[in-house]
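Descriptive structure summary
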Amino acid sequence: MQAGTGREARLDGDAGARMGGEDGTAPEAGVFAALPGAAADAPILTRRVALKEAFRRFWPLTKGDRRWLILVLLLAILAALAETVAILLFAQLTDNALQKGSVSAFWSPAGKWLAVAVAGAVAGYLGNSLAAWTAERFVMRLRARLFSHLQTLPPHFYQRNRHGDLLERMTGDVDAIEELVISGVVEASAAVFSALFYAAAALWLRWDLALVTFFLAPLFYVATRSFTGRLKEVSRRARKADGAVTSVVEEGLVNVVLTQAYNRQRDEEQRLQREARTWLRASVRSARLNQFYEELVEVLETVCVLVIIGMGAWEISAGRMTLGQLLAFAAFIGYLFPPIRNLGQLGLTAVAATAGAERLLEILDAKPSVTDPADSLTSASESSTTSPAADSPTSGAKPSTTIPPAASLMSTAPRRAVGEVEAQRVTFHYPGSRHEAVHDLSFAAGPGELLVITGPSGAGKSTLAALLLRFYDPDAGSIRLDGIPLDRLPLAQIRRNITLLPQEVLVLHDSIEQNIACGRDNATHDGRDNVTHDDVVRAARAADAHGFVSALPDGYDTEIAPGTSRLSGGQLQRIAIARAMLRDAPVLVLDEPTTGLDALAAQRILAPLRRLAEGRTTLVITHHLDLAADADRILVLDDGRLVQSGTHTELLQRSGLYASLFEARPQARNGAGRPPARAGPSSGGRWGEGAPYLGSTESGSTVPGSTESGAVAPGATESGARLPEPW
Ligand SMILES: Nc1ncnc2c1ncn2[C@@H]1O[C@H](COP(=O)(O)OP(=O)(O)OP(=O)(O)O)[C@@H](O)[C@H]1O
């Protein structure tokens, strides 16, 4: 509940200018001044927000706590009233007890003074405690609101905005808004009431002297006004500088391995120093401005006090005033200064907080790229008879020929889809980019089918995965699940039925058990509502993860965290497979499941992947063409277009991109380009199961040279040096 000087003291000079360009953060406003809602398409843009608008946008968050705010105000009024009465009692004591030297005249006013002081102290204590509680609740609510909004924003929003800056917005800027909306309102109201009481008491004592003093009040106003503009600018830059420093620190921590491996410590330190210098300049400038303002107000107060004492001396000498009255009058005027000074300071704090408001509104105004369809519940019956694609504004596709009854999928209740996936003439470009990442792409896949999607880097494979999960809607064409366009399905329903295994295994900061359990919907971070330990172990066994997890000292309770995982890439991949097993969705999208794994580790995840894919519609995005050999169909993409489709054998027979990619793969370049034979009945299925060097499985077969615990057996290396054959 401080008037904000402490926070501003951390602010900076010219961070904004730098951040606009080189370091990839939000540019200054000017030509970039953004329309509300446009921010998801580009780095967050700065839109100037007036104090009134900032207040209007955030005030609704106080709903539910407004009665407490009123109580805080009443307590503040009570405390100010107690202070006023105490000063009057002090005047009484001076005149009746001190000046006359009468001890008997001391007790009554002294007793009253003590009672009033205690009442004031209780009111002050309760008021401040309640104010702090309300303020923190506001902060929690605002942070939750921001966090939940951030979670709806599309992947490119995070690619284009620095995480550190977003973190700073979630912390520093949220605090600034609290100072504006809660502390600001409470302190300003308390200051107004205190000022009114003291002014009224001063007028009551000597209205003529009081009026003379009040004439000096505009001086305070002028002083405050002259600082407002400058402080707002410095605060705006400082908030950005805070974000830049946090970003550099966060990126430094994430990239610590790169930093150490490439001896980049000095570069990183210099980067931090550059941002810190910018922050330092703003911080010092802000502190100087605030201090200058404080000192100016002190001088003005001294002028006022000297005027009062001068007038008081004249009045006492003329016998028109007692010493007690003069002291009380001086006290009231003296007490009047802090609330007035507070009001001025609060004005500056509020102005500074608008810089934080601008940064938060930029996030809140960024729109998710996709939302739940408004009519997903009501249109269930209609969608079973006509093609919803026909009237979908985003769809340029022809109506689907067969639309199955879809009511179950259209409902928000978790229902299992059959798993028919169909893309119809899908075209898409990323927001802010002119290049079409996917162009006129069509394909279909059903349960039990394995589709491999391959192509050179940048061909649009991962984009297709993003479209399938409906992170984005196509610009033209449609993607359907069980015949229903994705944009007609609730998002939760799509993601319940289509599981994505992204390239990079995503890990929660939690136990391995929870990292697997979170695959099931509503399995909370710390609760296991609908997942038992046995479920987790079963999934881990099927993913060939149980062995190495059990071998860890803390087993399933072993804590892992993003970026600091104690597990190898292959082990993490198997945790992700166990998670997907538990999720048990009818459609699977595997984006480069073997990325970053050496040949042996890649081989070890094939069997669990095969078990995972069983009976599901599986789309595997991969450069790893040995995975493609057993696919039912291979789609070859190039520059967003489908250029070839067929089985491995068919595509090899036709010369074309697939054959070139297959020939160019590392194993082929090493002179071992023999395509793996399609698994026959004896080998038991797809993806090389039954190959002699296949990784160990929970059923007990063991890979030569490797152990289930992840340890490397004698004579073999993790890099697969002993791998007998290319696969
Ligand atoms: N967020 C984005 N904003 C703009 N363009 C993007 C974005 N993400 C990808 N692209 C572009 O879309 C095209 C397809 O990218 P995509 O990541 O889908 O390729 P890919 O085939 O998965 O590549 P890789 O095999 O290297 O992962 C590329 O030209 C890429 O530059």
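Sequence positions are assigned chain by chain, starting from 1 and proceeding in written order. Only residues with pLDDT of 70 or above have their local features reported here, since the model is predicted, and side-chain atom pairs are shown and tallied only from 80 upward, although totals for entire chains, interfaces and linings are computed over all residues.

An unreviewed UniProt entry lists the protein chain under the name ABC transporter ATP-binding protein/permease, with Streptomyces halobius as the source organism. UniProt positions are given in the numbering used here, feature names are shortened, and annotations may be inferred rather than shown by experiment. Word for word, the UniProt comment on the protein chain under Subcellular location (unreviewed entry) is "Cell membrane".

Here's the deal with the sheet that holds strand β2 (residues 436-445)
Here, any two strands with at least 2 DSSP bridges between them count as paired. Numbering of helices and strands runs from the N terminus; a helix is a DSSP stretch of H or I covering at least four residues, while a strand is a stretch of E covering at least two. If you trace the four strands from one edge of the open sheet to the other, you get β2-β1-β4-β5, paired in antiparallel fashion. Each of the sheet's edge strands pairs with one partner strand only, and the pair in question is β2 and β5 (484-485). In this sheet, strand β4 (residues 476-481) lies alongside strand β1 (residues 421-429) in antiparallel orientation, the contact comprising five bridges. The partner of Thr427 across the bridge, within β4, is Ala476. For every residue pair, C-beta atoms are placed from the backbone, and the pair is scored as a contact if these atoms sit within 7 Å. To obtain each axis, a line is fitted to C-alpha atoms, and for helices this fit is confined to the stretch in contact; angles are then taken between N-to-C directions over 0 to 180 degrees. Across the face of the sheet, helix α14 (residues 461-468) comes into contact with β1, β2 and β4 while running at roughly 65 degrees to β2.

With respect to the environment of Ala374
Looking at where Ala374 falls in the secondary structure, it is placed in the loop between α11 (323-364) and α12 (380-383). Burial is judged by counting the other C-beta atoms within 10 Å of a residue's own C-beta: 20 or more makes it buried, 12 or fewer makes it exposed, and any count in between marks it as partly exposed, with every C-beta position built from the backbone. Taking the number of C-beta atoms within 10 Å as the measure of exposure, Ala374 has 8 and is therefore exposed. Residues Ala374 and Arg488, spaced 114 residues apart in sequence, show a C-alpha to C-alpha distance of 8.5 Å.

Observations regarding the UniProt feature "transmembrane region" (unreviewed entry) in the protein chain
If you check UniProt for "transmembrane region" (unreviewed entry), the listed places come out as residues 68-93, 113-135, 180-203, 209-227 and 320-337 in our numbering. Secondary structure across residues 68-93 divides into 100% helix and 0% strand, with the first and last C-alpha atoms of the span separated by 37 Å. With 100% helix and 0% strand, the stretch residues 113-135 has end C-alpha atoms that lie 32 Å from each other.

Some words on the site of the ligand
Placing the C-beta atom from the backbone, one calls a residue near a molecule or strand if that atom lies within 6 Å of it. By nearness alone, 14 residues border the ligand, and Tyr430, Ala437, Ser457, Ser462 and Thr463 come closest of all. The biggest single contributor to the shell around the ligand is α14, with three residues.

Some thoughts on the nonpolar core
Put simply, a nonpolar core is a cluster of buried Ala, Val, Leu, Ile, Met, Phe, Trp, Tyr and Cys residues tied together by C-beta atoms within 7 Å. Ranked by size, the top nonpolar core spans 87 residues in total, and within it Ala578 and Val589 carry the most contacts. Element by element, the count of residues in this core is highest for helix α20 (residues 599-613), at 10 residues. Those residues in contact with Val589 that lie beyond four places of it in its chain are Ala465, Leu468, Leu469, Ile498, Leu500 and Leu619. Within the second largest apolar cluster, 74 residues are counted, among which are Leu75, Ala241, Phe329 and Leu348.

Details of unusual backbone geometry
With a phi close to 50 degrees, Asp440 is a non-glycine residue in the positive phi region. Considering the arrangement of structural elements, one finds Asp440 in strand β2. Classification of Asp440 as partly exposed rests on a count of 15 C-beta atoms within 10 Å.

Side note on the sheet that holds strand β3 (residues 450-454)
One open sheet accounts for six strands, arranged β6-β9-β10-β3-β11-β12; its pairing is mixed. Strands with a single pairing partner mark the edges of an open sheet, and in this sheet they are β6 (498-501) and β12 (641-646). Along the sheet, successive strands turn relative to each other by an average axial angle of 20 degrees, direction set aside. As paired strands, strand β11 (residues 633-638) and β12 are joined by five bridges and run antiparallel to one another. Across the sheet, Leu637 pairs through a bridge with Leu642, a residue of β12. Lying over the sheet, helix α22 (residues 657-664) contacts β3, β11 and β12, oriented at roughly 95 degrees with respect to β11.

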